[in-house]
Amino acid sequence: MASKKPIKKSTTKSSNKSRKTPKVEVLRPATKPARGSLPEAKKSDGYSAKDIQVLEGLKPVRKRPGMYIGSTGVAGLHHLIWEIVDNSIDEAMAGHATKVALVVHKDATITVEDDGRGIPVDKHPITKKSALETIMTTLHAGGKFGGGGYKVSGGLHGVGASVVNALSEWMRVEVGKDGRAYSQEYKRGEPITSVKQGDATKWTGTRVTWKADKEIFETVDNYSYKTIIDHLRQQAYLTKGVIVDVKDERSGESDHFKFDGGIKEYVTHLAGSKNKINEPPFYVDKQIKDHRVEISLQYTEDFNENLYAFANNIHNTEGGTHVVGFRAALTRTLNNYGKKNNLIKENGDALTGEDVREGLVAVLSVKLPNPQFEGQTKSKLGNTEIRTMVESVTNDYFGSYLEENPTQARRILNKVLLAARARLAARAARETVLRKGALEGMTLPGKLADCSERDPAKSELYIVEGDSAGGSAKQGRDRNFQAILPLRGKILNVERAQLDKMIANNEIKSLVIALGGGIGEQFDVDKIRYHRIIVMTDADVDGAHIRVLLLTFFYRYMRDIINRGYLYIAQPPLYSIKKGKEQWYVYSDEEKEKILERIKAADLEKKSLKVGKKGKTTDEETDVAVEGETAEGEEVTVEGGHKKIADIQRYKGLGEMNPEQLWSTTMDPERRTILQVTVESAAQADEIFSTLMGDDVAPRKKFIQDNAAAVANLDI
Ligand code: 1YM
């Protein structure tokens with residue numbers, strides 16, 4: 001190990017490094033108050049050190065997987081990867097590993113490997129088992145295993161490994177340590193071999209391979225390469241210097257990440273092609289006892305703020321104390337500099353938080369021993385001590401940066417002062433507009449067909465493109481809990497419009513009033529009248545455009561709605577396929593082909609794909625080709641034969657469906673599919689929004705042409 005250089009000296013506490021034998025502390029019930037989705041230790045349960053000596057098996061994990069990994073859908077499947085990768089990243093942050101490699105194998109097993117110290121294998125004093133086995137087969141606290149550097153996973157290094165093991169049909173862990181190879185295999189969390197000592201090896205590190213359990217997960221092979229690299233790239237940015245290699249053996253794709261500049265490179269990436277005001281970005285990395293504060297920022301000529309905050313590598317979409325500290329200090333530092341240099345009059349209008357956020361691209365990453373998360377999605381940092389630390393680091397280091405870089409400082413001040421002038425002008429304009437009654441009386445818009453339910457948690461709002469589809473939706477809906485708001489034509493291009501112009505736009509005004517949370521500074525997500533806001537547009541390019549416009553609007557002006565998970569996209573069917581008395585609604589070309597194959601093979605699986613009344617299928621019906629024109633006159637070719645085997649109608653617009661069809665295919669909660677919009681990859685969303693909505697027309701055109709189909713599935 002002597003050859004391993006710490007990734008970052010300041011993160012490695014040498015006093016801990018010499019501790020060889022890990023000490024196990026066991027916690028019952030196992031709790032892991034980190035990474036957002038895992039259950040938090042409840043102080044009220046009254047556990048204390050003496051109570052937490054009992055090892056607990058993995059049964060609770062298999063019993064309630066959602067508690068540990070959030071869901072048993074695709075997100076949960078990926079969560080398994082994050083848990084194992086976390087352990088490698090922790091090992092890199094502790095200065096012991098330089099490399100993390102991930103492979104998605106053809107058979108949907110996953111391998112994650114690092115070149116760290118290797119999970120300890122020596123006999124554990126309480127269990128008399130190998131530490132490796134204990135770590136893999138019990139819910140344990142993990143954090144007291146010796147812990148050099150940060151235990152990123154909230155002080156619980158390695159806890160996630162046993163959770164992943166419990167939820168895997170099969171798992172193998174290989175360790176290289178002290179010149180030997182060791183390995184153990186498990187089935188659904190139980191060892192099926194002892195810890196075997198293998199050949200001599202020079203390799204040190206840990207390699208974990210597993211296959212998710214089909215008894216637990218809805219699907220066990222739906223890994224998304226994009227989701228994986230997005231997450232790993234982000235982890236690579238947050239752990240400067242670490243090498244991250246990713247390979248997908250299914251497609252042959254691979255990626256390699258290494259960012260020696262860490263979050264400074266992240267900021268450069270986020271700022272992308274925006275016009276820069278200070279360059280390179282400001283950067284500070286400061287260790288304060290066992291806390292670490294890392295900040296990078298750059299101003300651009302953009303009007304929006306792009307701030308990404310992380311605590312122990314977890315993205316805090318709802319911000320928290322670190323963000324509060326950062327913003328307060330940023331405003332103060334810029335005001336101080338402005339006043340000192342006579343750019344701001346001593347008793348003139350000071351810069352506000354809003355001014356200094358305009359055009360700001362920043363990444364704020366803190367590492368702390370006991371992260372406390374709060375908020376709806378547990379993604380808001382609550383630790384109070386970090387606030388003052390971030391505040392003083394920003395004051396001191398950004399303050400010095402301004403002093404030492406007068407040209408950059410002057411440019412930044414010009415930018416934020418311009419924002420301040422625009423704010424004052426806009427306020428004056430807004431006051432005029434508001435006096436004229438922009439959001440007048442706040443009575444609900446006439447074209448909103450509201451629901452009778454008054455509890456927002458139970459209410460849904462469908463935002464529907466066009467009056468005719470709006471009409472069908474109004475007739476088809478369940479009026480108890482579903483409200484319909486038809487929007488006419490294209491709503492304003494919100495990227496370019498200013499707030500006061502937007503409020504004057506009728507479509508936006510209706511939407512804002514219907515939602516009930518206000519807009520701009522006064523926006524309050526707690527006042528939103530519907531907790532499911534569903535954008536329902538046609539499955540064509542225009543529909544995609546309107547959808548992106550709406551998403552931009554929410555992203556820019558009501559982002560908390562996305563953060564809270566209130567925003568969804570409806571999935572109307574693309575085709576109706578009729579065959580005799582039977583009818584299917586299908587949502588993709590792939591699905592269409594499948595149905596046609598089945599019809600052709602007269603091998604109809606009579607389940608999930610069918611919507612609506614099922615007719616009886618007779619052999620005769622399935623064998624006989626349907627002659628004559630279909631609604632769209634489409635001729636279906638299946639495996640070389642030119643036979644019309646079914647009536648296929650392509651739905652170009654929602655308006656082509658009658659109310660009953662719209663209800664059964666797209667609105668009935670029992671049968672519909674709706675996609676939840678998340679800000680997980682907000683960086684990309686922002687890029688797409690800018691491309692689509694910015695002033696430059698050429699890239700927008702190209703994007704829409706290239707991505708007309710993909711936009712329909714935009715997953716921000
Ligand atoms: C592919 C997954 O788990 N790597 C890994 C895990 C551990 C260590 C090193 C490690 C940590 C410590 C001491 C320590 C874990 N250790 C523990 C436990 N990669 C992967 N690499 N020696 C080795 O924290 O002191 C749990 S995981 F419990 F021993 F600390």
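Residues numbered from 1 in each chain as written. Predicted model: local features only at pLDDT ≥ 70, side-chain atom pairs only at ≥ 80, totals over all residues. Heavy atoms only, no water.

Asks: Please clarify how the overall build of the protein chain should be interpreted in this entry.
Replies: Within the protein chain, the secondary structure is distributed over 22 helices and 26 strands. Counting the 716 residues in the protein chain, one finds 54% classified as buried. Excluding contacts between residues fewer than 6 apart, the proportion of contacts in the protein chain whose partners are at least 24 apart in sequence is 69%. Carbon together with sulfur atoms contributes 48% to the accessible area of the protein chain, which is approximately 31,800 Å² in total. (Helix = DSSP H or I, 4+ residues; strand = E, 2+ residues; numbered from the N terminus. Buried < 20%, exposed > 50% of the residue type's maximum accessible area, 1.4 Å probe, protein only. Contact = heavy atoms within 4.5 Å. Areas by Shrake-Rupley, 256 points an atom, 1.4 Å probe, with all protein chains shown as cover.)

Asks: Would you mind showing me how to read the sheet that holds strand β22 (residues 582–586) here?
Replies: Sheet strands associate in pairs through backbone hydrogen bonding, adopting either a parallel or an antiparallel arrangement. Strand order in the open sheet formed by three strands is β22-β21-β25, and the pairing between neighbours is antiparallel. Sheet topology places β22 and β25 (647–650) at the edges, where each strand pairs with a single neighbour. Ignoring which end each strand starts from, the neighbouring axes of this sheet average 15° apart. (Pairing = 2+ DSSP bridges. Axes fitted to C-alpha atoms, helices over the stretch in contact; angles between N-to-C directions.)

Asks: Teacher, can you tell me more about the pattern of salt bridges here?
Replies: Any two side chains of opposite charge can pair if their charged atoms end up close together. Across all of its chains, the model carries 35 salt bridges by this definition. When the shortest N-O distance is used, the salt bridge between Arg-207 and Glu-174 registers 3.0 Å. With a gap of 33 residues between them, Arg-207 in strand β7 (residues 205–212) and Glu-174 in strand β3 (residues 168–177) connect regions that are remote in the sequence. Judged by relative accessible area, Glu-174 falls into the buried class, the value being 18%. In the salt-bridge network here, residues are joined through shared partners; they are Glu-113, Arg-172, Glu-174, Glu-185 and Arg-207. (Salt bridge = Lys/Arg side-chain N within 4 Å of Asp/Glu carboxyl O.)

Asks: Even after reading the chapter, I still don't get the pairing of strand β18 (residues 482–487), so can you show me in this structure?
Replies: When you tally the buried positions in β18, you get six out of six residues, the bulk of the element. In terms of strand pairing, strand β17 (residues 460–465) meets β18 through six bridges, oriented parallel. The residue of β18 that forms the bridge with Tyr-462 is Ile-484. With respect to chirality, the unit in which β17 leads through helix α13 (residues 467–476) into the neighbouring parallel β18 is right-handed. (Right-handed = clockwise from strand over helix to strand, strands pointing away.)

Asks: Even after reading the chapter, I still don't get the confidence of the model for the protein chain, so can you show me in this structure?
Replies: The predicted coordinates of low-pLDDT regions are not to be read in fine detail. Put simply, the protein chain has an average pLDDT of 79, and 74% of its residues get 70 or more. Throughout residues 1–54 the model reports pLDDT below 50, and contacts reaching past four residues in sequence, or to other chains, amount to 126 contacts. Scored below 50 in pLDDT, residues 603–642 makes 76 contacts in the model with residues more than four places away or belonging to other chains. (pLDDT = per-residue confidence, 0-100.)

Asks: I'm lost on the pairing of β7 in this one. Help?
Replies: For a regular strand, side chains alternate in direction, first toward one face of the sheet and then toward the other. Across the eight residues of β7, seven count as buried, placing the element largely inside the fold. Pairing of strand β2 (residues 110–114) with β7 involves five bridges; the strand directions are antiparallel. Its bridge partner lying in β7, Asp-114 is registered against Thr-206. Examined bridge by bridge, β3 and β7 share eight bridges and lie antiparallel to one another. The residue of β7 that forms the bridge with Arg-172 is Thr-209.

Asks: How should I be thinking about the packing of helix α9 (residues 321–340) against helix α11 (residues 385–404) in this particular structure?
Replies: Two measures define how a pair of helices packs: the angle their axes make with one another and the distance between the axes. Viewed as axis vectors pointing N to C, α9 and α11 meet at an angle of 30°, and their least axial separation amounts to 8 Å. With respect to α11, the axis of α9 lies roughly parallel. The way α9 lies across α11 gives a crossing that is right-handed. The residue makeup of the contact of α9 with α11, split by class, is eleven nonpolar, seven polar and five charged. (Parallel < 35°, antiparallel > 145°, perpendicular 65-115°, else oblique. Left-handed = near helix turned anticlockwise from the far one by under 90°. Nonpolar A, V, L, I, M, F, W, Y, C, P; charged D, E, K, R; others polar.)

Asks: I tried to follow the nonpolar core on my own but got confused; where do I start?
Replies: For soluble globular proteins, nonpolar side chains are generally found buried alongside one another. By size, the foremost hydrophobic cluster in this structure holds 98 residues, and its most contacted members are Leu-102, Trp-210, Tyr-223, Ile-533, Phe-554 and Ile-561. Ranked by the residues each element gives to this core, the list is headed by helix α4 (residues 74–93), at nine residues. Leaving out residues up to four positions away in the same chain, Tyr-223 has contacts with Leu-77, His-78, Ile-81, Val-104, Ala-108, Ile-110, Trp-210, Ala-212, Ile-228 and Arg-250. Among the nonpolar cores identified, the runner-up in size contains 39 residues, and Phe-282, Val-393, Ala-409 and Ile-412 belong to it. (Core = buried A, V, L, I, M, F, W, Y, C linked by side-chain atoms within 4.5 Å.)

Asks: Explain the packing of aromatic side chains here, please?
Replies: Both the distance between ring centres and the angle between the ring planes are used here to describe each pair of aromatic rings. Under the counting rule described, the total for this entry stands at eleven aromatic pairs. Aromatic pair Phe-257 and Phe-259: ring centres 6.2 Å apart, planes at 25°, arrangement stacked. In this structure Phe-257 comes out as buried when scored by relative accessible area, which is 7%. Aromatic pair Phe-553 and Tyr-557: ring centres 6.1 Å apart, planes at 40°, arrangement tilted. (Phe/Tyr/Trp six-rings, centres within 6.5 Å; stacked < 30°, edge-to-face > 60°.)

Asks: Is there a simple way to explain helix α8 (residues 263–271) in this structure?
Replies: Every α-helix winds through 3.6 residues per turn, so residues three or four apart in the chain are directed the same way. Among the residues making up α8, those that are buried are Ile-263, Tyr-266, Val-267, Leu-270 and Ala-271. With its buried residues spanning 130° around the axis, α8 presents them on a single face. Where α8 ends, the next residue or the one after it, Gly-272, has phi of about 45°, a positive value. (Arc of directions from axis to C-beta.)

Asks: In this structure, what is going on with the sheet that holds β17? I would like to understand it.
Replies: Pairing within the open sheet is mixed, and its five strands lie in the order β18-β17-β19-β20-β26. Where the open sheet ends on each side, the last strands, each with one partner, are β18 and β26 (674–676). Put simply, the sheet's adjacent strands are angled 25° from each other on average, direction ignored. Note: strand β19 (residues 532–536) against strand β20 (residues 567–570), three bridges, orientation parallel. If you follow Val-535 over to β20, its bridge partner there is Ile-569. Sheet strands in contact with α13 are β17, β18 and β19, and its direction is about 170° off that of β18.

Asks: Looking at this structure, I do not really get the environment of Ile-463. What am I missing?
Replies: Turning to its location among the elements, Ile-463 is positioned in strand β17. Each C-alpha atom of the pair Ile-463 and Ala-473 lies 9.8 Å from the other, and the pair is ten residues apart in sequence. With near-sequence residues (within four places) excluded, Ile-463 lies in contact with Leu-485, Leu-487, Leu-511, Ile-533, Ile-534, Val-535, Met-536, Leu-550 and Phe-554.

Asks: Would you mind going over the environment of Ser-251 with me for this structure?
Replies: Tracing the backbone through its elements, the reader meets Ser-251 in the loop between β8 (243–248) and β9 (254–257). The class for Ser-251 is partly exposed, based on a relative accessible area of 45%. Sequence separation between Ser-251 and Tyr-225 is 26 residues, and the spatial gap between their C-alpha atoms is 9.2 Å. At 2.7 Å, the side chain of Ser-251 forms a polar contact with the side chain of Glu-253. (Polar contact = N/O pair within 3.5 Å; in protein donor to acceptor, adjacent residues only side chain to side chain.)

Asks: I tried to follow the environment of Asn-304 on my own but got confused; where do I start?
Replies: Among the structural elements, Asn-304 can be located in the loop between β11 (291–299) and β12 (306–311). Look at Asn-304 and you get buried, because its relative accessible area is 19%. Considering only alpha carbons, one finds Asn-304 and Leu-360, 56 residues apart in sequence, at a separation of 7.1 Å.

Asks: What is the right way to look at the packing of helix α15 (residues 506–515) against helix α16 (residues 541–557) in this model?
Replies: Between α15 and α16, whose axes approach to 13 Å, the crossing angle comes to 55°. Compared by their axis directions, α15 and α16 come out oblique. Both α15 and α16 take part in a crossing whose hand is right-handed. For the pair α15 and α16, the contacting residues are Ile-508, Leu-511, Val-512 and Leu-515 in the first and Leu-550, Phe-553 and Phe-554 in the second. Looking at side-chain class alone, the contact of α15 with α16 contains seven nonpolar, no polar and no charged residues.

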